[in-house]
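Analysis of the macromolecular model
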Amino acid sequence: MICYATYKKNNDITILKKIYILTSCNFMERVVMLTNFIEKDIKRKCLICDFILKNKHTNLDEIAEYMGTSRVTVRSDIHALNEELDGLILIQMKECADNWVYQCQLQNGVTERKVLYKLYDNSMFLKCVAFFVTNVEENKFTDFMDTYFISHSHAYRLKHKVEEFLREIDFKLDNNRITGKEYRVRYLIALLQAEYGVLIYPLLDEEKQMIDNFMATLNLRINIDTLAHNAEGHAYFRSLISMVFKRDIPTSAIILDEQCQKYIESSRFLDIVQKSSKETLEKELGQEFSYNDYLYLMLIYYSTNFSIIDASMKKVELEQFDELIMKNADLQSLVDLFEEYFGAEVVNHSLFRAALCYFLKKTLFNLQGLIPSNERLLDKKYQPLYLVVKNVLKRWNENSRRRVLLIDSHINYLTIHLYPLIYKWNNPVQICIFSFNLINFESCKFQVEQELGRKVKVHEKMFNSVEDLNRLLEESDEPTIVLCNPNCEMELKEAVEGTIIPISLAFFDRDLEDVEEVIQSLRIKEHEKRLAYLRG
């Protein structure tokens, strides 16, 4: 684990291969997440490690497909992981036919996050970023080279790479020190600490307790013991709060962007945060915070979406955010675009509004690239919807007066939360049952409705005539699946235009899988139609 100490004085859908984002100037396919600047072999090992930890039983083909790389590369990386992470995880390998099956287990109470920290500890790029962000005394760059015994050429390649990353997130190097707006520097430090294990401001146990008390005071539903046992879950949030008393920077330097400050000052929760801070943080530290400090604490809540505020208050916040959207023409145009494509029912749903609220806060506060994001590749089932959402955002950015930087993981977040809504919004697939036996009909109808729920709409009529069935199919514009006894399958396929699925009387799992596979196929076609419409 990389560790730097600084102290404050007491006086003051298919696998994604690319990440598509919008820059502040124009729409481009470019990468700004910190992880994507880390050495490729380390990043690849982290992705593989994360995958096998999340999927305790997997095989070589699945990992290679997920990573979009060769089986040889994956096998080599897994062998290397077993050696590098000895004592932390155990990856067991077993040859099965022409594939390899892998089973992964954490060792000695180690957490998944600590395993990734161990891998990130090998990154010279992260060490270089940490040197620049902690170089308060503006030491020479040769100090970094001497510390890690690296060559001049290697060191300056790292420096140029760091400068490239910093340009993307509106920072720059000045005398070998990262400079930029103070609140954004704090977010970068918290990102390094919580996501990559680079300890710049280590927290004492009593400081952690103090921060947890602050969080619990704001939300009575949060239990202190729960926070203590889930320290990794809120490490980023805790790190951000600690900057208030860890950074030796005058509070007058904490100046937020005008739009950011205006939104936070309109919050109904600012007084609550101020009161809680006085009762916990300031009381324990024996110092008074400034108004800018309170604004910063509110920014942490708004930008990270952490539940420091009671759930009932979050509902009020969502109402406040809706008011902001209604007043802002650019934001309202985005809502209108989503409504144009997905309809009013989806756009007016509380889940959509909450997801959009979280999503837009990242762009409103200009903190993209500084907030932890899930770097895992998006599950392939979301891919069709992801492409649609991405294109909606692209159209919005092209038409908007404010060009914003959008990060793929934030688009993923919006896609994942839209997914269940879209399926709810999708018209259920019509099911017709062709049968000559009423008991069989009722049994099949009951099981289909029980197993498939809102995905389907079973026709109330029992069809036993090809003519009646064809008449219904001709009159209906909806895609229809016809379930029938296996004995009738050939006859119906020759006489009926529709999807015919033979169903056994016992309605086995394989029958259900056949029906769900056809439903999924129909929905993918529907998504493709919508995507074609959007592109047109």
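Structure's up top.
Scoring rules and cut-offs
- Residues numbered from 1 in each chain as written.
- Predicted model: local features only at pLDDT ≥ 70, side-chain atom pairs only at ≥ 80, totals over all residues.
- Heavy atoms only, no water.
- Helix = DSSP H or I, 4+ residues; strand = E, 2+ residues; numbered from the N terminus.
- Buried < 20%, exposed > 50% of the residue type's maximum accessible area, 1.4 Å probe, protein only.
- Areas by Shrake-Rupley, 256 points an atom, 1.4 Å probe, with all protein chains shown as cover.
- Pairing = 2+ DSSP bridges.
- Axes fitted to C-alpha atoms, helices over the stretch in contact; angles between N-to-C directions.
- Contact = heavy atoms within 4.5 Å.
- Salt bridge = Lys/Arg side-chain N within 4 Å of Asp/Glu carboxyl O.
- Parallel < 35°, antiparallel > 145°, perpendicular 65-115°, else oblique.
- Left-handed = near helix turned anticlockwise from the far one by under 90°.

Along the protein chain, the regular secondary structure elements total 25 helices and eleven strands. The buried share of the protein chain, taken over its 536 residues, is 52%. Per element, the accessible surface of the protein chain, about 26000 Å² overall, is 49% carbon and sulfur.

Here the focus is the environment of Asp271. As for its placement among the helices and strands, Asp271 is situated in helix H13 (residues 270-279). Its relative accessible area of 59% is what places Asp271 among the exposed residues. Taking the C-alpha atoms as reference points, Asp271 and Tyr294, 23 residues apart in sequence, are found 8.9 Å from one another.

Now for the sheet that holds strand E3 (residues 57-59). If you walk across this open sheet you meet the three strands as E3-E5-E4, and the pairing is antiparallel. A strand with exactly one partner marks an edge of an open sheet, and here the two such strands are E3 and strand E4 (89-96). Sheet twist, expressed as the mean angle between neighbouring strand axes with direction ignored, is 25°. For E3 and strand E5 (residues 99-106), the ladder comprises three bridges, and the chain directions are antiparallel. For Thr58, the partnering residue across the bridge sits in E5 and is Tyr102. In the packing of helix H2 (residues 60-67) onto the sheet, contacts are made with E3 and E5, and the angle to E3 comes to roughly 75°.

With respect to the helices, strands and loops of the structure, Glu497 is situated in the loop between helix H24 (489-495) and strand E11 (499-502). Placed 24 residues apart in sequence, Glu497 and Leu473 show a C-alpha to C-alpha distance of 7.8 Å. Not counting chain neighbours up to four residues away, the residues in contact with Glu497 comprise Asn470 and Leu473.

Attention shifts here to the pattern of salt bridges. Enumeration according to the criterion identifies 19 salt bridges in this entry. Across the salt bridge formed by Glu112 and Lys54, the nearest N and O atoms sit 2.5 Å from each other. Within this pair, whereas Glu112 is found in helix H4 (residues 112-120), its partner Lys54 is found in helix H1 (residues 40-54), the two being separated by 58 residues in sequence. The class of Lys54 is partly exposed, set by a relative accessible area of 40%. Linking Asp212 and Arg238 is a salt bridge whose minimum nitrogen-to-oxygen distance equals 2.8 Å. Here Asp212, found in helix H9 (residues 205-218), pairs with Arg238, found in helix H11 (residues 235-246); they are 26 residues apart in sequence, far enough to count as distant. The same class applies to Asp212 as to Arg238, namely buried. One salt-bridge network, held together by shared partners, links Asp50, Lys54 and Glu112.

What follows is about the packing of helix H8 (residues 182-196) against helix H15 (residues 291-304). Viewed as axis vectors pointing N to C, H8 and H15 meet at an angle of 50°, and their least axial separation amounts to 12 Å. On the basis of their axis angle, the class for H8 and H15 is oblique. Where H8 crosses over H15, the two elements pack in a sense that is right-handed. Contacts between H8 and H15 involve Tyr183, Arg186 and Tyr187 from the first element and Tyr296, Leu299, Ile300 and Ser303 from the second.

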